[in-house]
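Below, each chain spelled out in residue letters.
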Protein chains: 2
Amino acid sequence: MKGQIIAIGDELISGRVVNTTSSFAAARIFSAGHKITRITVVGDSPDDIKQCLKAAIRDSQFVLISGGLGPTSDDITNEAVAHALDLPLVENHQVMEQIRNAERRFGHSASEEFKRKLSMLPKGASVLEPNGCAAGYWLKYQGAYLFFLPGVPEQLEKHVVQKILPKLNSLDQERPFVALKVFKLFGLSETRINMDLEELQTWDSSLKVGYYPVFPEVHVSLTASMKTAEKAQKIIDDASAVIRAKFQEFIVAEGQDASLASTLGESLKSRGMVMAAAESCTGGLLGATVTSAPGSSEWFDRSIVTYSNRAKEQELGVSPETIEVHGAVSSETALEMAAGARRISSAECAIAITGIAGPEGGSGDKPVGTVFIALALDNHNLVHRFLFPGSRREIRMLTVETALDWLRRYLVYGSLLPGYKPVF
Amino acid sequence: MKGQIIAIGDELISGRVVNTTSSFAAARIFSAGHKITRITVVGDSPDDIKQCLKAAIRDSQFVLISGGLGPTSDDITNEAVAHALDLPLVENHQVMEQIRNAERRFGHSASEEFKRKLSMLPKGASVLEPNGCAAGYWLKYQGAYLFFLPGVPEQLEKHVVQKILPKLNSLDQERPFVALKVFKLFGLSETRINMDLEELQTWDSSLKVGYYPVFPEVHVSLTASMKTAEKAQKIIDDASAVIRAKFQEFIVAEGQDASLASTLGESLKSRGMVMAAAESCTGGLLGATVTSAPGSSEWFDRSIVTYSNRAKEQELGVSPETIEVHGAVSSETALEMAAGARRISSAECAIAITGIAGPEGGSGDKPVGTVFIALALDNHNLVHRFLFPGSRREIRMLTVETALDWLRRYLVYGSLLPGYKPVF
């Protein structure tokens, strides 16, 4: 099935809110073997909505329209759609029933405006969720299936998975089987990766290779569309073997849901190891990144975020003389922080980070972006100095990625250098 | 000036990468008083690019086209544009010069394919950045200004600010002055906020009020377009006074760049206070959230991320009996964690968090989403139990927001209840 997505909202067209919901819907629809040819964002303007909707219906077998279904004054989708398709608005009894239930439950009456906004739907509409208000509906118009969805991410995502995909799949029994695989790489440029994978691009016409910088990583996606699931999977498996052979230690994660943190966690778990961390300029971002992976409590013990010098001394036992002589941002401080975190936690390994994320605080000697990362494990206490480019946010992200990548490489390859090369 | 944005890329249309760059560009263009009527995403398909570009040129005074300018095999924008506009591709001497410089610098030759991809631009193109390759260009076509930009966020953002906005502004001296203000609220539903602000919606035709859930907050934006900057600002100031009076303690931040963390920081700084934190299920997310605000080292001392029971005992002095009798997720443990963090850090106040973020680890007694938040400050040791809904990610975000909001409210209002109400 070939379709389009239209997202409605002044908050989207004015750039105040990023359109994440369309990406979610597109990803799910694409993975199920259907095709999205266009994603369009328009503001809360009846004329723009009309023009967009009519153009989409002309070119598509299905259209997802999100946003503008709620009770607030800027929610105008129902009226705009009725106008665009020349359909009358009629009261939907299921929605009215839900509103009455809610009135009884909360013991007060909704306004007439509220009731009208939610219950008057374009003629022919069937609600997606019999037990909800403003929960979306669908209708068939000139051969195209139109799905109207709330713009709230959680609700939209639920409907896409539970209602729309099963519907599209039942309508299109002939769709190809799509196999998909994503590799996440860190420490190589997109151009370099593309050049190294030139052979894959002419391998098989049903295999598509995509390259996407997702800061600070580059993701390589393999997509194969075939008549059977087995055939599609076979091509992906063969291409995956090529990628693994070419990039080896630069691959920080395999699979859309995997991350550098989850890969590192698997390495630690398989060795029966637990890690700890001591963070300064990243302020907890390493801990937050690590623990965003479910199950991380099995291999992550603690992160000690010591933003002040006093905290570094008290928490981690960094000596005041070290900070006095070498500075809080120095190899010596980083090493003592890592040793301290390991000693206190009794974890098998510890990472320490101290640096200058900016925008203030740099000096000629140690410009913004200067970060020292230390590892304490086995009999080793290792430290490297890095100079990361970019904004405060980018420097912090590069620091966390490099620190975790270094530990991962050490465990798997015994290599002492992380993917992002230190300055000395 | 009225324009559109077209973002090109299979990674965008398939939903693998979220289209953040168009939002950035739209926000900047909108704030400068111009209008974006449509944002369209298409894949790396010459036909789709052609159709989209022609439709956009027909309806617009300017079009921003991003993506597909690089040297890799899926970069096809230049060819697609030349084809769509029926313009020949001609060698751009400035780009060729840059490629030759790079060859000399790196001491090796670029491939012919690489050179051709980057240097052959549609006839009439002027490069935006004389010292770069694949750095974007612009041309005038049938009265419309077309700007072609790299899809890489950092590069696109630089060009929008430094090249495109000055160009649009110089072309349109008559554009209205736009004043904009954003309020960020936590603890009230979007519907409730909308109902409370009904009067603003009919106040003045040049004032627009928008409501946007940005989890876990709801943002209210005020936009006024007027002939003079003073008039626009006056309306915004008057409307802001209404919002402040209506929502008071529910306003966690004022201004697009402000955040709950920066608001809290101002409150702490003005009282000469420093805070510390002890985190369990949020794993450092509170520290990362707080320190994403530049200058937070002035008021944030440390966060101790104690994921394991042992870490809670060793780092924070939580007694093993407390954990044994009441559990690691309990009022008692939270209180001891907060007291411990405050004692160790000598900070004037401390927040502690312990809970079950899921998806595993819940029980009948303490289901997933159960979180205890404790505050230690002045002579108080306070604790509340919460039951947060949603996914692991949402529970962690609600926890951090509630914890910071509670401390903010305590400092400013003396109120003991955070915006998100505890279960008892």
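Residues numbered from 1 in each chain as written. Chains lettered and ligands numbered in written order. Predicted model: local features only at pLDDT ≥ 70, side-chain atom pairs only at ≥ 80, totals over all residues. Heavy atoms only, no water.

S.K.: Give me the lowdown on the overall build of chain A, citing residues and values where you can.
M.R.: The secondary structure content of chain A amounts to 16 helices and 17 strands. Referenced to the eigenvectors of the C-alpha coordinate spread, the extents of chain A come out at roughly 80 × 60 × 40 Å. A burial count over chain A gives 57% of its 424 residues as buried. Of the contacts formed within chain A by residues at least 6 apart in sequence, a portion of 66% connects residues at least 24 apart. Accessible surface computed for chain A: about 17000 Å², of which carbon and sulfur atoms make up 51%. Side chains of chain A give 44 positive and 49 negative charges; the mean places of these two sets differ by 5 Å. (Helix = DSSP H or I, 4+ residues; strand = E, 2+ residues; numbered from the N terminus. Buried < 20%, exposed > 50% of the residue type's maximum accessible area, 1.4 Å probe, protein only. Contact = heavy atoms within 4.5 Å. Areas by Shrake-Rupley, 256 points an atom, 1.4 Å probe, with all protein chains shown as cover. Lys, Arg positive; Asp, Glu negative; His and termini not counted. Charge placed at Lys NZ, Arg CZ, Asp CG, Glu CD.)

S.K.: Describe unusual backbone geometry, and please don't skip the residues or the numbers.
M.R.: Across the junction of Phe215(A) and Pro216(A), the peptide omega takes the value 0 degrees, indicating a cis bond. For Pro216(A), the position within the fold is in the loop between strand S10 (207-214) and strand S11 (217-226). The omega angle of the peptide bond from Gly358(B) to Pro359(B) is 0 degrees, so this bond is cis rather than trans. Tracing the chain through its elements places Pro359(B) in the loop between strand S15 (349-355) and strand S16 (370-377).

S.K.: Describe the interface of chain B and chain A, and please don't skip the residues or the numbers.
M.R.: With 81 residues of chain B in contact, the opposing surface of chain A contributes 80 residues. Taken together, chain B and chain A are joined by six salt bridges. The partner of Asp301(A) in a salt bridge is Arg310(B), with the nearest N and O atoms 3.8 Å apart. Run the count over chain B and chain A and you get 32 residue pairs in polar contact (both at pLDDT 80 or more). The residue inventory of the side of chain B that touches chain A, partitioned by class, reads 33 nonpolar, 31 polar and 17 charged. Two elements, strand S14 (residues 300-306) of chain A and strand S14 (residues 300-306) of chain B, share five bridges in a ladder whose sense is antiparallel. Bridged to Ile304(A) within S14(B) is Ile304(B). (Salt bridge = Lys/Arg side-chain N within 4 Å of Asp/Glu carboxyl O. Polar contact = N/O pair within 3.5 Å; in protein donor to acceptor, adjacent residues only side chain to side chain. Nonpolar A, V, L, I, M, F, W, Y, C, P; charged D, E, K, R; others polar. Pairing = 2+ DSSP bridges.)

S.K.: Could you give an account of the side chain of Ser296(B), naming the residues involved and the relevant values?
M.R.: If you trace the backbone, Ser296(B) turns up in the loop between helix H12 (285-291) and S14. A residue is classified by how much of its surface remains accessible, and Ser296(B), at 0% relative accessible area, is buried. Setting aside chain neighbours within four positions, we find Ser296(B) in contact with Tyr307(A), Arg392(A), Val290(B) and Thr291(B).

S.K.: How would you summarise the relation of the copies chain B and chain A if you had to cite specific residues and measurements?
M.R.: Superposing chain B onto chain A takes a rotation of 180 degrees plus a shift of 0.0 Å along the axis, which leaves an RMSD of 0.0 Å. Viewed as a symmetry operation, the transformation between the two copies matches a two-fold axis. When the interface residues of chain B are mapped onto chain A, 99% of them again fall at the interface, so both copies present the same face. (Least-squares fit on C-alpha atoms with pLDDT ≥ 70 in both.)

S.K.: Provide a residue-level description of the nonpolar core, including the pertinent values.
M.R.: Of all hydrophobic cores here, the largest spans 70 residues; its most connected members are Met275(A), Leu286(A), Ile351(A), Met275(B), Leu286(B) and Ile351(B). If we skip the residues at most four places from it in the chain, Ile351(A) touches Met275(A), Ala276(A), Ala277(A), Ala278(A), Leu286(A), Ile373(A), Ala374(A), Leu375(A), Ala403(A), Leu404(A) and Leu407(A). (Core = buried A, V, L, I, M, F, W, Y, C linked by side-chain atoms within 4.5 Å.)

S.K.: Explain the sheet that holds strand S12 (residues 251-254) of chain B to me, using residue names and the numbers behind them.
M.R.: Residue and element names in this part refer to chain B. Across the sheet, four strands lie side by side as S10-S11-S9-S12; this open sheet has antiparallel pairing. Of all the strands in the sheet, just strand S10 (207-214) and S12 have a single pairing partner and so form its edges. For this sheet, the mean angle separating the axes of adjacent strands, direction not counted, is 20 degrees. Relative to strand S11 (residues 217-226), S10 runs antiparallel, the two sharing eight bridges. Paired with Val-214 across the two strands is Glu-217, which belongs to S11. Most of the contacts of helix H10 (residues 229-247) go to strand S9 (residues 177-185), to which it runs at about 15 degrees, and overall it touches S9, S10, S11 and S12. (Axes fitted to C-alpha atoms, helices over the stretch in contact; angles between N-to-C directions.)

S.K.: Got a sec to walk through helix H10 (residues 229-247) of chain A? Specific residues and values, please.
M.R.: Residue and element names in this part refer to chain A. Under the 1.5 Å per step criterion, the end-to-end length of H10 is 27 Å for 19 residues, consistent within 8% with the ideal 27 Å. Among the structural elements, strand S9 (177-185), helix H8 (190-196), helix H9 (198-201), S10, S11 and strand S12 (251-254) are those in contact with the buried residues of H10. In the segment just after H10, Gln-248 is the residue with positive phi, at about 35 degrees. (Expected span 1.5 Å × (residues − 1).)

S.K.: If you had to explain the packing of aromatic side chains to someone new, which residues and values would you point to?
M.R.: Any aromatic ring pair is given by two values, namely how distant the centres are and how the planes are angled relative to each other. Tallying each qualifying case throughout the model produces ten aromatic pairs over all chains. On the numbers, 5.3 Å between centres and 5 degrees between planes, the contact of Phe386(B) with Phe388(B) is stacked. For Phe386(B), a relative accessible area of 0% translates into the label buried. Residue class for Phe388(B) comes out buried when judged on its relative accessible area of 2%. Every member of this aromatic cluster is reached through a ring pair, and the members are Phe386(A), Phe388(A) and Tyr420(A). The cationic tip of Arg409(A) hangs over the ring face of Phe250(A); the distance from NZ or CZ to the ring centre is 4.8 Å. (Phe/Tyr/Trp six-rings, centres within 6.5 Å; stacked < 30°, edge-to-face > 60°. Lys NZ or Arg CZ within 6 Å of the ring centre and 35° of its normal.)

S.K.: Outline the pattern of salt bridges, supporting the account with residue identities and numerical values.
M.R.: All told, the structure shown has 36 salt bridges over all chains when counted by the stated rule. Among the charged side chains, a salt-bridge network with shared partners connects Asp301(A), Arg302(A), Arg310(B) and Glu315(B).

S.K.: Please set out helix H15 (residues 331-345) of chain A residue by residue, giving values where relevant.
M.R.: Residues and elements named next belong to chain A. The end-to-end C-alpha separation of H15 is 21 Å, in line with the 21 Å expected for 15 residues at 1.5 Å each. Considered for burial, the residues of H15 that qualify are Thr-333, Ala-334, Met-337, Ala-338, Gly-340, Ala-341 and Ser-345. End-on view of H15: buried residues confined to an arc of 165 degrees, all on one side of the axis. (Arc of directions from axis to C-beta.)

S.K.: Talk me through the sheet that holds S9(A); I want residue IDs and the actual numbers.
M.R.: Residues and elements named next belong to chain A. Spatially, S10-S11-S9-S12 is the arrangement adopted by the four strands of the open sheet, whose pairing is antiparallel. Every other strand in the sheet has two partners, leaving S10 and S12 as the edge strands with one partner each. Within the sheet, the average angular offset between the axes of one strand and its neighbour, ignoring direction, is 20 degrees. With nine bridges connecting them, S9 and S11 associate as antiparallel partners. From the neighbouring strand, Phe-183 faces S11, where its bridge partner is Val-220.

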